[in-house]
Amino acid sequence: MSDDQRDQSTPAEPAAQAQAPAPAPAAPTAPTGPEPEPIRFFGTTWVNHDGGYALRRAGLAVGSFLAAAAAAYLLRLAYEGLEIGDVGPFLSISVVVLFAIASAIAFAKTWESFGRRPAPSSDEAALKGLKAIGFIGSLFAYFLRSLTEAPGEKLRRTEYERAKTEFERRRSARTGNPAARRPKRKK
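Notes on the structure in this doc start here. (Residues numbered from 1 in each chain as written. Predicted model: local features only at pLDDT ≥ 70, side-chain atom pairs only at ≥ 80, totals over all residues. Heavy atoms only, no water.)

1. Let's talk about the pattern of salt bridges
Tallied over the entire structure, the rule returns nine salt bridges. Between Glu 37 and Arg 156 there is a salt bridge; the shortest N-O distance is 3.5 Å. A residue pair is termed long-range when its members are at least 10 positions apart, and Glu 37 in the loop between helix H2 (12–19) and helix H3 (53–84) and Arg 156 in helix H7 (residues 153–173) qualify at 119 residues. For Arg 156, a relative accessible area of 17% gives the class buried. A salt bridge links Arg 76 to Glu 80; the shortest N-O distance between them is 3.3 Å. One end of the pair, Arg 76, and the other, Glu 80, are both in helix H3, four residues apart, so they sit about a helical turn from each other. What you see here is one network of salt bridges that share partners, running through Glu 37, Arg 117, Arg 156 and Glu 159. (Salt bridge = Lys/Arg side-chain N within 4 Å of Asp/Glu carboxyl O. Helix = DSSP H or I, 4+ residues; strand = E, 2+ residues; numbered from the N terminus. Buried < 20%, exposed > 50% of the residue type's maximum accessible area, 1.4 Å probe, protein only.)

What follows is the structure, encoded as structure tokens:
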């Protein structure tokens, strides 16, 4: 097939569309305000309680409760393994007390994290291991909080409302472009 035949057999429209310039990017819009911070499992649906928010909350409550129940069952099996191994009462009681204390601390720290942000120099990093051991307490805290709201929703809603108020206050205080103002006359 010659070049002339190829040019005649191909339609001109796709070539014209392929060579058309890309649309110009949209002009920058005025700032609309602060964006809400997403919450794990919920995204930003917590702002207006839309997008399956109630279903997600119910799913999180059921899921965290089932995970805590499964974890407690596995710990029971581990305890029975200690009993079968006849390790003695001291070690058996020590394991139960260790998991109970770790779960209580994990519950308290997780519940506390729903209401305030940790300080930059806090001991949260040091407690990661303890919270991992007491994961049943963290799961139970998620279960209880998800019965009333998304975990951390109250904290983020307070911060978001404060940021929106600050944005509106700053925006309403502006009176045009300061660069376009005339300099004040000297008397």
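2. Regarding the nonpolar core
With eight residues, the main nonpolar core is built from Ile 39, Phe 42, Trp 46, Val 47, Tyr 53, Leu 60, Ala 150 and Tyr 160. Not counting the four nearest positions on each side in its chain, Ile 39 is found in contact with Trp 46, Ala 150, Pro 151, Gly 152, Glu 153 and Arg 156. (Core = buried A, V, L, I, M, F, W, Y, C linked by side-chain atoms within 4.5 Å. Contact = heavy atoms within 4.5 Å.)

3. A few points about the packing of helix H4 (residues 89–113) against helix H6 (residues 135–146)
The interhelical angle for the contact between H4 and H6, taken along N-to-C directions, is 40 degrees, at an axis separation of 7 Å. Viewed along their axes, H4 and H6 adopt a mutual orientation that is oblique. Note on packing geometry: the crossing formed by H4 with H6 is right-handed. Taken together, the residues of H6 that come into contact with H4 (itself represented by Ser 103, Ala 106, Phe 107, Thr 110 and Trp 111) are Ile 136, Gly 137, Ser 138, Phe 140, Ala 141, Tyr 142, Leu 144 and Arg 145. Taken together, the residues of the contact of H4 with H6 sort by class into eight nonpolar, four polar and one charged. (Axes fitted to C-alpha atoms, helices over the stretch in contact; angles between N-to-C directions. Parallel < 35°, antiparallel > 145°, perpendicular 65-115°, else oblique. Left-handed = near helix turned anticlockwise from the far one by under 90°. Nonpolar A, V, L, I, M, F, W, Y, C, P; charged D, E, K, R; others polar.)

Function cannot be read off these values alone, since they describe shape.
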